[in-house]
Amino acid sequence: MRTHTGLFTGRHFLLIMAAAFTIIITANLTLAYFAVGSFPGLDVANTYVASQHFNNRRQAQDALGWQSHITYERGVLQLRLIDAQGASAMPHTLTMRVGAAATGQMDQVLDIEAAAGYYTAPVMLANGNWVVFIDAVAEDGTLFSERRALVLR
């Protein structure tokens, strides 16, 4: 019959280390699973190809001189595009999408209405970090593309 000596043995150390590493590895795998599952994916299929045209598109967009201003109140997202002269810019086409900052699962394409130099879209957004994606094409065909952060409290 064995008696309990109360000594800390190598076996105790091995069990404690195995338990600690099991907890750490399980936590890391769980976090990695949720991170990959919530990642919306790449913005472009081939970043190298997209980078080849980035500066030309940026320079053309900068030449437009447009600025965007976004507000959100009582379920209405409002956008105002202002041209280089301070007047309301009137794009040929305009699309807007809104989504959560960390995931693409809640993205919504908005139904836009134009009124008195503003573009409005009804959308219900909870408090938190949101991203508004603006894609407009000027009359001359120049693409205006912008992402705006929207923090609601």
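Residues numbered from 1 in each chain as written. Predicted model: local features only at pLDDT ≥ 70, side-chain atom pairs only at ≥ 80, totals over all residues. Heavy atoms only, no water.

Participant: Before we move on, can you summarise the nonpolar core with the specific residues and values?
Facilitator: Leu 77 and Leu 150 are the most contacted members of the largest nonpolar core, which totals 25 residues. Looking at this core, the elements with two or more residues in it are β1 (67-73), β2 (76-82), β3 (93-100), β6 (118-122), β7 (128-137) and β8 (143-152). In this view, Leu 77 contacts Ile 70, Thr 71, Tyr 72, Met 96, Leu 110, Tyr 119, Thr 120, Ala 121, Val 123, Val 132 and Leu 150; residues no more than four positions away in its chain are not counted. (Core = buried A, V, L, I, M, F, W, Y, C linked by side-chain atoms within 4.5 Å. Buried < 20%, exposed > 50% of the residue type's maximum accessible area, 1.4 Å probe, protein only. Helix = DSSP H or I, 4+ residues; strand = E, 2+ residues; numbered from the N terminus. Contact = heavy atoms within 4.5 Å.)

Participant: I'd like a rundown of the pairing of β8, residues and numbers included.
Facilitator: Relative to β8, β7 runs antiparallel, the two being bridged by 10 bridges. Within β8, the position partnered with Trp 130 by the bridge is Leu 150. Counting the residues in the hairpin turn of β7 and β8 gives 5 residues, including Gly 141, whose phi is positive at 95°. (Pairing = 2+ DSSP bridges.)

Participant: Lay out helix α2 (residues 47-64) with the relevant residues and their values.
Facilitator: With 18 residues, α2 ought to run about 26 Å at 1.5 Å a step, and its terminal C-alpha atoms sit 25 Å apart, in line with that. Of all bends in α2, the biggest is about 40°, found at His 53. N-capping of α2 is provided by Asn 46, with a side-chain oxygen placed 3.0 Å from the backbone N of Tyr 48. Gly 65 sits one or two residues past α2 and shows a positive phi near 75°. (Expected span 1.5 Å × (residues − 1). Bend = angle between axes of the 7 residues up to and from the residue. Polar contact = N/O pair within 3.5 Å; in protein donor to acceptor, adjacent residues only side chain to side chain.)

Participant: Summarise the pairing of β7; cite the residues concerned and give the values.
Facilitator: Here 8 bridges tie β3 to β7, and the two strands are oriented antiparallel to one another. Bridged to Thr 95 within β7 is Asp 135.

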